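A look at the structure
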Amino acid sequence: MHELMIRCEFILREIQTGHLVWVDLGMNFNRLSVKELGLLDRMDEVSFTHLTELASSILCVPVSLVSIIDKPNDRQFFKSMCGLTEPWLSRGETPLSHSFCQHVAHDNAPLIVENAPENGRVKDNLAIPDLGVIAYLGVPIHDPQGQAIGALCAIDSKPKKWNDEDLATLKKLALCVDDAIRLRASLKTSEAIREEQADFTYAMSHDIKAPIFTLKTLLSELGPLFEENNSDEHAVFLEKALQATDRMEQKTTDILRYAYMGRERDEIEDVDLNVVTSEVMDDLSGLIQSSGATIKVSELPTIVANGYYMRVLFQNLLSNALKFQPQGQKPEITINADGDVYENVIHITDNGIGVDEKYQTQIFKLFGRLHTQQDFPGTGLGLALSAKIVSYMNGEISIQSKTGKGTTFSIVLPKRDIDTVTQC
């Protein structure tokens, strides 16, 4: 018995001190390369397109470009093009032999060319005969660290005298390009951090399950020993410990489910909510019978969704409706649906204890419990997970409730078809 107690203490220390698999959150996301920023692909992006169109319009030139210098591949890539002709429009790039912008990036300074064939620095550049570049005004654009990576340029096919106002205008537009790149980096950094945090949460929750299982096993082994010694007091403590490990196990399971939802492309299918409700009621049949609950289900729609997530959603909401009841009251629950040509709306209504209006946003937050474990056991994750599922399905969930007068959860889900979802 003494050995068992030592092993239990060791497992508890493992959980308390977090001596488990650790995911490194110290990755440096601040120095994203041009490729990682997605600046070397052909996705049409409004933020860049509008700036090149604006440059052409304000400076009265036929062509303007956002050009990224890709030196390892001996090319300049046009992230945005206004007025460029074929075959360069389709190619979206030229070799560096055809690039004036490479000089802008190299010097991190504007390049002003009024008549290219007479300019000593670019007179032999192949952009003159092949692209008809005669007048050129380019200013540098930068990555989030301030490194020049290319140019915003204005081009004319005839000689042009650029003035100070032209240069000032292009510099201002180039700052807008820099801002768009910084915003892109911020979004990618935020996305990467969220991924890392989800990985960390998943890894921690997954690895905690193993010592919890071991702890439950060890505690169970203590039961017969206490029975042999007729130790009622120790048996009570053992029962409480087992209940605590059950709660820990359920909480880690819910955290795993919450953290991993939507990490990969999930299967989308036609989901008959009548079948979902029937399956969930079968799973909860013991609780339904023991509570004497009455559940009325109207005809529900078939929707396009992830079937597993919808079962989790309905189980969370239905189990809450059964659980949060005044002492001795038999639950009365109705499930129905309405909506229009654009959306389905599902309502789950109960006669339970209700939720005070001031707490109705809190209940959708992680671990947003309103009651003690003694009153209503749970992990505080069910409604947070439900809200995440509905959000993942591009829907909304809301609550209408008054203390002591029951609760209605309404789930609004947009109508869509599988082909549309698959193409997105």
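Residues numbered from 1 in each chain as written. Predicted model: local features only at pLDDT ≥ 70, side-chain atom pairs only at ≥ 80, totals over all residues. Heavy atoms only, no water.

Here the focus is the sheet that holds strand β2 (residues 75-82). If you trace the 6 strands from one edge of the open sheet to the other, you get β3-β2-β1-β6-β5-β4, paired in antiparallel fashion. Every other strand in the sheet has two partners, leaving β3 (93-95) and β4 (111-113) as the edge strands with one partner each. Pairwise comparison of adjacent strand axes, ignoring direction, gives a mean angle of 25 degrees for this sheet. Examined bridge by bridge, strand β1 (residues 63-70) and strand β6 (residues 148-156) share 6 bridges and lie antiparallel to one another. (Pairing = 2+ DSSP bridges. Helix = DSSP H or I, 4+ residues; strand = E, 2+ residues; numbered from the N terminus. Axes fitted to C-alpha atoms, helices over the stretch in contact; angles between N-to-C directions.)

Along the chain, E86 connects to P87 via a cis peptide bond; the corresponding omega equals 5 degrees. With respect to the element layout, P87 can be found in the loop between β2 and α3 (88-91). Phi at C60 takes a positive value of approximately 55 degrees, unusual for a residue other than glycine. In this fold, C60 is placed in the loop between α2 (46-59) and β1. Residue N394 is not a glycine yet carries a positive backbone phi of 60 degrees. Mapped onto the secondary structure, N394 falls in the loop between α11 (382-392) and β12 (396-401). Judged by its relative accessible area of 55%, N394 is exposed. (Buried < 20%, exposed > 50% of the residue type's maximum accessible area, 1.4 Å probe, protein only.)

Time to look at the nonpolar core. In this structure, L273, M310, F314 and I335 are the most contacted members of the largest nonpolar core, which totals 36 residues. For this core, the secondary structure elements donating two or more residues are α8 (273-283), β9 (302-305), α10 (307-323), β10 (332-339), β11 (343-350), α11, β12 and β13 (407-414). By residue number, the principal contributor to this core is α10, which donates 9 residues. Beyond its immediate stretch of four places on either side in the chain, L273 contacts L300, P301, I303, M310, F314 and I346. Counting 27 residues, the second-largest nonpolar core is a separate cluster that includes V61, V66, W162 and L167. (Core = buried A, V, L, I, M, F, W, Y, C linked by side-chain atoms within 4.5 Å. Contact = heavy atoms within 4.5 Å.)

A few words now on the packing of α8 against α10. Two numbers describe a pair of packed helices, the interaxial angle and the distance between the axes. It is at 9 Å that the axes of α8 and α10 come closest, and there the two elements cross at 55 degrees. In terms of orientation, α8 and α10 fall into the oblique class. Regarding α8 and α10, the two cross each other, and that crossing is right-handed. Every residue of α10 that contacts α8 at L273, V276, T277, E279, V280, M281 and D283 is listed here: M310, R311, F314, Q315 and L318. Partitioned by chemical class, the residues of the contact of α8 with α10 number 7 nonpolar, 2 polar and 3 charged. (Parallel < 35°, antiparallel > 145°, perpendicular 65-115°, else oblique. Left-handed = near helix turned anticlockwise from the far one by under 90°. Nonpolar A, V, L, I, M, F, W, Y, C, P; charged D, E, K, R; others polar.)

Turning next to the pattern of salt bridges. What the rule picks out here adds up to 7 salt bridges. Note that R75 is salt-bridged to E93, the shortest N-O span being 2.6 Å. You can see R75 sitting in strand β2 and its partner E93 sitting in strand β3, a full 18 residues away along the chain. Using a relative accessible area of 14% as the deciding quantity, one classes R75 as buried. With a closest N to O distance of 3.5 Å, E279 and R311 form a salt bridge. With E279 in helix α8 and R311 in helix α10, this residue pair connects regions lying 32 residues apart in the sequence. Here E279 falls in the partly exposed class, since its relative accessible area comes to 32%. Residue class for R311 comes out partly exposed when judged on its relative accessible area of 32%. Among the charged side chains, a salt-bridge network with shared partners connects D70, R75 and E93. (Salt bridge = Lys/Arg side-chain N within 4 Å of Asp/Glu carboxyl O.)

The subject of this paragraph is the side chain of D166. Along the polypeptide, D166 turns up in helix α6 (residues 164-228). One buried charged side chain, D166, makes no salt bridge at all; its nearest oppositely charged neighbour is K160, positioned 5.2 Å away. Beyond its immediate sequence surroundings of up to four residues, D166 is in contact with L59, L137 and K161. (Lys, Arg positive; Asp, Glu negative; His and termini not counted.)

Here α10 is 17 residues long and its end C-alpha atoms lie 24 Å apart, about the 24 Å a rise of 1.5 Å per residue gives. Most of α10 sits inside the fold, with 13 of its 17 residues counted as buried. Two to three positions downstream of the cap, the backbone nitrogen of Y308 sits 3.1 Å from a side-chain oxygen, assigning the N-cap of α10 to N306. (Expected span 1.5 Å × (residues − 1). Polar contact = N/O pair within 3.5 Å; in protein donor to acceptor, adjacent residues only side chain to side chain.)

A few words on the environment of I149. For I149, the position within the fold is in strand β6. With 80 residues separating them along the chain, I149 and I69 place their C-alpha atoms 5.9 Å apart. What I149 contacts, discounting residues up to four positions off in sequence, is V34, L39, S67, I68, I69, A105, I141, H142, D143 and I181.

Note that every value here comes from positions in space, so none of it alone points to a role or purpose.
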